[in-house]
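Here are the chains, one letter per residue:
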Amino acid sequence: MITARSAGLVGCRSCGLVAPADQLTCARCGAPLQSRDDTSLQRVWAWWTVGLLAYIPANIYPMLLTTQVFRTKESTILEGVLDLMQHGDHLVAIIIFLASVFIPVAKFVTIAFLAATLARPHKRETHQLLRLYDIVEFIGRWSMIDVFVVAILSTLVQFGSLASINPGFAAVSFALSVIFTMLAAQSFDSRMIWDQLQDGPAR
Amino acid sequence: MVNTDNIRHTAWNECADLGDFGMSEAKQIIACPVCDTLYAIDDEIAAVPTNCRRCGHRLTYGERAAIAGVVGMAFASATLMLVALFVPFLELSNGGRTISTSLVHVVAGFSRGIMVPLGFAVLGFIILLPLLRFLLLIFSLGPVAFHKSALPGAAIALRIAIALKPWAMAEVFMVGVAVALVKLSDLAFTDVGVGFWILAVAVLITAYQETFMCRHTLWTELNRAQQ
Ligand SMILES: [Zn+2]
Ligand SMILES: [Zn+2]
């Protein structure tokens, strides 16, 4: 396969159009052109780290403060899942567990794995690496479900007077964590998957 | 120079001759945005679905009428979303008292303390960014759909619209609403209002629109309209 770089050209990652290697912006869509994004991995690790830093308080502090008859109950993400489980809402409990616990943890592990793999020449299946990258990029936004749930609950229940629900500190730090890991995933330069491939399997 | 028969032949293989890249009307040389492999694509190839041979990335969707579809659906989604803001979104009844709240109401509820950043996030992700995205698509591709020349700034608008896609989260919000209703079920009787269904239709239209969003076609057509 001939790549744009090996032909002395640079491809626009926004619209695909090819330009001479020394051109700085795309003539068609105006995007900045860069044959390879050299700082890509540094930015991945930077966003990954702040994402992880925000994810820790998201699990320690309460996500939801429920006040009912002068008693305030605080619940973290995991306690919220367990509550739903005890309530018999198994499907919803599984959805929240996947969105708030499984997906974020799996994302941290996968992004770290990809960043570590692509830092040096590798012999892995490029298709598998690409699939991991695609999954991580696609799935990140779905982690926001619980933040939206908390937001809806806290405004809705203000209107009824029986109880009041307020978002805890974890809601904000969790939202930030999702945003940071989405930025980490977007910082990858997917072209590195093939650049770093050692002459092993043909594709 | 390469002759035209040759171009058609080499087009779907790797691009063999790079002597006159990008300059001719008939074919364009593009690099796969995912893996950087070069291809020469002409109108005939763009008319059928094609995938990158190395990484499988969908290079062309093969939709000739893509532009009108994308603009039409962006317009429909934006209109529905604006309507959904102001009609009852959720209904909450509690001992004979029924309160209905609109989406505007829901978001306006986040006006104090720790809810403020959360409110901005919700407002941005579910309303502002999706709406902005639709407006940018209409602005950049609307004139093209009507065979007029593109407006200045159309290219930047289209590029931003494409980049905003992962940040528009109306569909994630819909799942959040469903979960919230289940959680509320023992506190009060809750029901979804007409606004919920309008927003759901807008989300479905947007998902369908994605199947038309062939970047190659969009950029080729916009480029033609700019000249
Ligand atoms: Zn471009
Ligand atoms: Zn490719």
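A brief look at the structure comes next. (Residues numbered from 1 in each chain as written. Chains lettered and ligands numbered in written order. Predicted model: local features only at pLDDT ≥ 70, side-chain atom pairs only at ≥ 80, totals over all residues. Heavy atoms only, no water.)

**Section: the coordination of the zinc ion (ligand 2)**
Residue and element names in this part refer to chain B. Test applied: For Na, K and Ca the donor cutoff is 3.2 Å, while for all other metals N, O and S atoms count as donors only within 2.8 Å; water does not appear among the atoms, so some sites may look incomplete. A four-donor site is called tetrahedral if each angle lies between 85 and 135 degrees; a four-donor site is square planar, and a six-donor site octahedral, when trans pairs exceed 155 degrees and the remaining angles lie between 65 and 115; all other cases are labelled irregular. Throughout, exposure labels follow a simple rule: accessible area from a 1.4 Å probe, protein chains only, divided by the maximum for the residue type, with under 20% read as buried, over 50% as exposed, and the rest as partly exposed.
Surrounding the zinc ion (ligand 2) are the protein donor atoms Cys32 (SG), Cys35 (SG), Cys52 (SG) and Cys55 (SG), which sit 2.2 to 2.3 Å from the metal. With 4 donor atoms in place around the zinc ion (ligand 2) and angles of 103 to 119° between them, the coordination shape is tetrahedral. All donors to the zinc ion (ligand 2) come from one chain, and their sequence spacing reads C-x2-C-x16-C-x2-C. We classify Cys32 as buried; its relative accessible area is 1%. Look at Cys35 and you get buried, because its relative accessible area is 1%.

**Concerning the coordination of the zinc ion (ligand 1)**
Residue and element names in this part refer to chain A. Our working definition: Here a strand is any run of E in DSSP of at least two residues, a helix any run of H or I of at least four, and the numbering for each starts at the N terminus.
Every protein donor of the zinc ion (ligand 1) is accounted for by Cys12 (SG), Cys15 (SG), Cys26 (SG) and Cys29 (SG), and the metal-donor separations fall at 2.2 to 2.3 Å. Sequence positions of the residues that donate to the zinc ion (ligand 1) give the spacing C-x2-C-x10-C-x2-C. Placement of Cys15 in the loop between strand E1 (9-11) and strand E2 (18-20) and of Cys26 in the loop between E2 and helix H1 (40-60) is noted, with a sequence separation of 11 residues between them. Overall, the relative accessible area of 6% leaves Cys26 in the buried class.

**Considerations on the interface of chain B and chain A**
This is how it is decided: Whether two residues are in contact is decided by their heavy atoms, any of which lying within 4.5 Å being enough. Summed over both partners, the accessible area lost on bringing two parts together, with a 1.4 Å probe, is the buried area. Criterion for a salt bridge: a side-chain nitrogen of Lys or Arg within 4 Å of a carboxyl oxygen of Asp or Glu. Any pair of N or O atoms that falls within 3.5 Å is considered a polar contact. Within protein, one atom must be able to donate a hydrogen and the other to accept it, and sequence-neighbouring residues count only if both atoms are side-chain atoms. Only Asp, Glu, Lys and Arg are considered charged, only Ala, Val, Leu, Ile, Met, Phe, Trp, Tyr, Cys and Pro nonpolar, and every remaining residue, Gly among them, polar.
Taken together, the contacts link 61 residues of chain B with 67 residues of chain A. Between chain B and chain A lies a buried interface of about 5,800 Å² when both sides are counted; carbon and sulfur atoms form 72% of it. If you sort the residues of chain B by the area they bury against chain A, Asp36, Arg54 and Lys183 of chain B come out on top, with a joint share of 11%. Between the two partners, chain B and chain A, sit 2 salt bridges. Put simply, chain B and chain A have 17 residue pairs in polar contact (both at pLDDT 80 or more) between them. When residues in the side of chain B that touches chain A are grouped by element, the largest group, 11 residues, is from helix H7 (residues 170-184) of chain B. The class makeup of the residues in the side of chain B that touches chain A is 39 nonpolar, 10 polar and 12 charged.

**Topic: unusual backbone geometry**
Excluding glycine, a negative phi dihedral is what most residues carry, and trans is how most peptide bonds are arranged. All names here are of chain B. Backbone geometry at Asp36 places phi at a positive 80°, although glycine is not the residue there. Structurally, Asp36 can be placed in the loop between strand E1 (27-31) and strand E2 (38-42). Phi is positive for His147, which is not a glycine, with a value near 60°.

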